Amino acid sequence: MDVERLRRYLSGNFAPIKQTRPLTRCAHVGHIPQELAGGQYVRNGANPITNDELGREAHWFDGDGMLTGVLFRRGLKDKDIDPEFVNQYILTDVYLNANGNCNLKRPLLPSITTLISASLLTIIAVVLRTLALVVLSRFPGSKRAVKKISVANTGVLYHDGRALATCESGPPLRFQLPSLETIGWYNGRRAENEGSTDNTAGFGGDGLMGFMKEWTTGHPRVDPITKELISFHAVFVEPFVYYSIVPPTANGSSCDPVFDIPIAGVSSPKMMHDFGVSAGHTIIMDLPLSLDPMNSIKGKPVVSYDHTKRSRYGVFPRYEPGKIRWFETNPCVIFHTANCWETTSTPSEAETCVHLLACRLTSASMVYSAGAIVPPVPKPAPPEYVEEEQCRLYYYNFPLINGESKEAPTIRHQWALSAIPFEFPTVSSSCSMKEARYIYGCSTSALSYTAALGKAAKIDYLAKIDAATLIARGIAHPPQPIKGCVDTRSVDEVMQVTEDQDPVKLFHMPKGWFAQEPRFVPRANAETEDDGWLLTYVFDESQLDAKGECNEDAVSELWIIDARNMRDVAAKVKLPQRVPYGLHGAWFSEDEIARQRPFEAVRRETPKMETGTSSPLSIIRDNIERWIG
């Protein structure tokens, strides 16, 4: 067994950390912008608590959710800001069952690496192990019954007075700002520990399939105008996708939530991570990346990419999913969309077009490289489907034909805006769901985000793309459909240009330093859309030892970067510990923190003395758990 390869996402600054801290004051250099006063930046990511078996398979997306935040507390003096660091595990059922459980040498849930690479017998074995451990968790002596299998390690967002952590294997989980303590599961109507007596069903409903239908995308969207929460729920059985809209209630809205509307036309179970949401429309992406337990019976991995199949995009009015129209094109993989909006033109009759910006990959290699495994050799594909390995910010234009036309929907424009690698997109929250000019994200000096075997993809550039300008150029001088690109410059070529009006700007990290997904915070009374700041955690890998491991005293920083010129670092917050390379974050304003809903309690770990480990049944349970753990 190649232990060194398997450990890639358990070592260096990918390695989980062992310490959590309450709000702890931090030193900083530079000037912290006044716009940040009272707000908090929080980022989610995987940090497996059960990590004894270092030779086990591991994937970057595996592991218990951990929230890491910096609160910009107002100081005693006017305009003083004192940054404070905090990190806490998200207390899911899985975490509470595993923490301090000496019986478990591996995480309760199977690794994504196992699901995409193991044999049928191995997959059956790990799934049966998980099911057995879940059943055993219901018996006396268990620290916590595992009722929901989500590890809540993907994203964070704010909706209707609640800060929520997400992961597509369960419903959102509410946590408290700024302490990051876990409150409870949120079903679209209420969260645990809020003291509500309303037992009306929310996500998933009351039926036998409820446990699966409550699985909510890791990227729900909140409309900046209506404040509605829009989400989808991908499942293993037909119709494969459900759809929910949750209006706010904190402001006295009389609209009722709509849960679990079936979406017709999805071809099979898919690894569906994100979607597009505009002010009036929703886009569901049926791409040829399957997530289907039945694949094992067919001799394929549970997670499997078929580059001979088409990509399909289902576009429908937000409140009328029955009017879905499907657009088809070449195969691809999309994990993250950047923005979605619609336009209406009236030359002779009104035509609505829905526009989508997304990070388009030409293969599923990232899924494999994030698990440090070699992608399978692809079977031959039609020549028109063959593309070079890339991940680029991509533009789609979906024209919606009025009336009952029998004409097949056709994508009007589909091409890349820039040739630089681009992932983890973000946009100013006030500009989402409308035609935003700028998209921010991550790039790399490598040709693609698909890391070569033996390496792990790291972010050494932050990018700002003037999407509006590049879209206009592409429409005026269309590149080749699908495979074409408006701005064909490489990262190195972009870095050689110093013009202020360049539509592609890059912030280059110092040598040996690597960043994470940035988040945009606007300046007060901003003069332009990009007048604000990018917040990102950074790490200096010169702190690694000769074996590439982090010392216990390794630390990270939070950098506040001027988003207008993409050059100046306004301030650097010195954190008391490192922040592992993780997933998605969000900015929570001072007003949002103040407007959080009341709650009665937070989730706590069950003390060992209260677990009742002395009964015969609990002893039997403990022995079985130790045997299969």
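Scroll up a little and you will see the structure.
Fair warning: this is a prediction, and the values are worked out from it, not measured in the lab. All residue numbers refer to position in the chain's written sequence, counted from 1. Reporting in this predicted model follows two pLDDT cut-offs: at least 70 for local features of residues, and 80 or more for side-chain atom pairs to be given and counted; totals over whole chains, interfaces and linings ignore these cut-offs and use all residues. Each side-chain value is worked out from all heavy atoms of the structure, with water and hydrogens disregarded.

### Thoughts on the pairing of strand β23 (residues 413-418)
Item 1. Taken across its six residues, β23 has six buried, putting it largely inside the fold.
Item 2. Two elements, strand β22 (residues 391-400) and β23, share four bridges in a ladder whose sense is antiparallel. The partner of Tyr395 across the bridge, within β23, is Trp415.
Item 3. A pair of strands is considered paired only if DSSP assigns at least 2 bridges between the two. Secondary structure follows DSSP: runs of H or I at least 4 residues long count as helices, runs of E at least 2 residues long count as strands, and numbering of each begins at the N terminus. Sheet topology note: the β23/strand β27 (residues 485-487) ladder contains two bridges and is parallel. Looking at the pairing, Ser418 lines up with Asp487 of β27. Exposure categories follow from relative accessible area, calculated using a 1.4 Å probe and restricted to protein chains: below 20% of the type maximum is buried, above 50% is exposed, and the middle band is partly exposed.

### Examining the pattern of salt bridges
Item 1. When a carboxyl oxygen of Asp or Glu lies within 4 Å of a side-chain nitrogen of Lys or Arg, that pair is called a salt bridge. Scanning the entire structure with this criterion turns up 38 salt bridges.
Item 2. Notably, a salt bridge pairs Arg318 with Glu228, separated by 2.7 Å at the nearest N-O pair. Note that Arg318 is positioned in the loop between β18 (311-317) and β19 (325-329) and Glu228 in the loop between β10 (221-222) and β11 (229-234), a separation of 90 residues in sequence.
Item 3. Residue Glu228 is classed as buried on the basis of its relative accessible area of 9%.
Item 4. Each of Asp160, Arg162, Arg174, Glu194 and Arg597 takes part in a single network of salt bridges with overlapping partners.

### A word on the packing of aromatic side chains
When we look at a pair of aromatic rings, we describe it by the centre distance and by the angle of the planes.
Item 1. Two rings from Phe, Tyr or Trp (for Trp, the six-membered ring) form a pair when their centres are within 6.5 Å of each other. A pair whose planes differ by under 30 degrees is stacked, one over 60 is edge-to-face, and the rest are tilted. Summed over the entire model, instances satisfying the criterion amount to 26 aromatic pairs.
Item 2. Charge-over-ring placement is defined geometrically: NZ (Lys) or CZ (Arg) within 6 Å of the ring centre, and within 35 degrees of the ring normal. In this structure, Lys213 is placed above the aromatic ring of Tyr242, and the distance from its NZ or CZ to the ring centre is 4.9 Å.

### Considerations on the nonpolar core
Item 1. Among buried residues, the Ala, Val, Leu, Ile, Met, Phe, Trp, Tyr and Cys ones that are joined through side-chain atoms within 4.5 Å form a nonpolar core. The biggest cluster of nonpolar side chains holds 39 residues, and the ones touching the most others in it are Leu289, Leu357 and Leu417.
Item 2. Per-element accounting of this core gives the leading share, four residues, to strand β20 (residues 333-345).
Item 3. Judged by nonpolar contacts, the second largest core, of 28 residues, contains Tyr438, Ala515, Val538 and Leu583.

### As for the sheet that holds strand β26 (residues 461-466)
Item 1. Strand order in this open sheet of four strands is β24-β25-β26-β28, and the pairing throughout is antiparallel. Edge positions in the sheet fall to β24 (423-426) and β28 (504-508), since each has one partner strand and no second. For this sheet, the mean angle separating the axes of adjacent strands, direction not counted, is 20°.
Item 2. Whether two residues are in contact is decided by their heavy atoms, any of which lying within 4.5 Å being enough. To get an axis, a line is fitted to the C-alpha atoms, and for a helix only the part in contact is used. The angle between two axes follows their N-to-C directions and goes from 0 to 180 degrees. Running at roughly 55° to β26, helix α7 (residues 467-476) makes contact with β25 (438-443), β26 and β28 of the sheet.

### What to know about the sheet that holds strand β5 (residues 81-89)
In any sheet, the strands associate via hydrogen bonds between backbone groups, in a parallel or an antiparallel arrangement.
Item 1. If you walk across this open sheet you meet the five strands as β1-β5-β4-β3-β34, and the pairing is antiparallel. Strands at the two margins of the open sheet, each flanked by one partner only, are β1 (21-25) and β34 (585-588). The sheet shows a mean angle of 15° between the axes of neighbouring strands, direction not considered.

### So, the packing of helix α4 (residues 120-136) against helix α10 (residues 616-628)
Item 1. One way to put it is that α4 packs onto α10 with a least axis distance of 10 Å and a crossing angle of 160°. The orientation of α4 relative to α10 falls into the category roughly antiparallel. The handedness of the crossing between α4 and α10 is left-handed. Residues Arg129, Ala132, Leu133 and Leu136 of α4 touch α10, and the partners they reach there are Arg621, Ile624, Glu625 and Ile628. In these notes the angle categories are as follows: under 35 degrees is roughly parallel, over 145 is roughly antiparallel, 65 to 115 is roughly perpendicular, and the rest is oblique. Each crossing gets its handedness from the near helix: less than a right angle anticlockwise from the far helix is left-handed, clockwise is right-handed.

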